[in-house]
Amino acid sequence: MGFRVARALAALAALVVALPAAVAAEPAYEGRKKCSSCHKSQAESWSETAHAKAFDSLKARTKAEAKRKAKLDVDKDYTQDKDCVGCHVDGFAKDGGYDVHEPSKYLVGVGCESCHGPGSEYRRMHRKAGEAFEKSKKTTPRQALADAGQDFHLVERCSACHLNYEGSPWK
């Protein structure tokens, strides 16, 4: 009996040691501040869009007509409502993503990582590609970024909020 317990504990210890590596394998959200440090014109253009202001629409007494259409209380603040926030921020409930208890201004709104996926896996590679372009004027195939984790399946990303959420007035 003692041998089985020791073997079970050894297996559990191996799992606990392997767990951080498995968790670290998931790409993390980093926020638009890192993206916009290079993509200034895109960030400026985005800042004027409805996606940039998506989080603000969750505040009380905003977007009254849309809230009525979705059968929501116009006077209620939905900025901490876990059923609503996910479609109005980057990476809700994901590693490095928006957290209602520790909100980050760089993750509010439907930003870069809402469409392109979490940046931690490809940001370094993206930077190296930019540096290589500066030196040689040769571009890096976008497939390299996709292989590293940058998501280009925008239709799937868009439909997660616009089509799959039953109460969404933005279909």
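Scroll up for the structure.
What comes next concerns the included structure. Given the structure is predicted, the values throughout are model-derived calculations rather than measurements. (Residues numbered from 1 in each chain as written. Predicted model: local features only at pLDDT ≥ 70, side-chain atom pairs only at ≥ 80, totals over all residues. Heavy atoms only, no water.)

**Considerations on the pattern of salt bridges**
Opposite charge on two side chains lets them pair, provided their charged atoms get close. Selection rule: What counts as a salt bridge is simple: a side-chain nitrogen of Lys or Arg found within 4 Å of a carboxyl oxygen of Asp or Glu. Residue burial is assigned from relative accessible area. The probe radius is 1.4 Å, only protein chains are included, and a residue is buried under 20% of its type maximum, exposed over 50%, and partly exposed in between.
Applying the stated criterion across every chain yields a total of 2 salt bridges. The residue Asp-56 makes a salt bridge to Lys-59 at a minimum N-O spacing of 3.1 Å. Judged by relative accessible area, Asp-56 falls into the partly exposed class, the value being 37%. Lys-59 sits in the partly exposed class, given a relative accessible area of 37%. The shortest N-O distance in the salt bridge between Asp-81 and Lys-76 comes to 3.8 Å.

**What about the side chain of Lys-67?**
The test is simple: Think of it this way: any DSSP run of H or I at least four residues long counts as a helix, any run of E at least two long counts as a strand, and we number them from the N terminus. In this tally, Asp and Glu contribute negative charge and Lys and Arg positive charge; neither His nor the terminal groups of the chain are included. Two N or O atoms form a polar contact when they lie within 3.5 Å of each other; inside protein one atom must be a possible hydrogen donor and the other a possible acceptor, and for residues adjacent in sequence the pair counts only when both atoms belong to side chains. The contact definition used throughout considers only heavy atoms, calling two residues in contact when any of these lie within 4.5 Å.
Residue position: Lys-67 is located in helix α4 (residues 64-69). For the buried Lys-67, which has no salt bridge, the nearest side chain bearing the opposite charge is Asp-77, at an N-O separation of 6.9 Å. Here Ser-57 takes part through its backbone oxygen, which lies 3.2 Å from a polar atom of the side chain of Lys-67. Apart from the residues within four sequence positions on either side, Lys-67 is in contact with Ser-57, Leu-58, Lys-59, Ala-60, Arg-61, Thr-62, Leu-72, Asp-73, Val-74, Lys-76 and Tyr-78.

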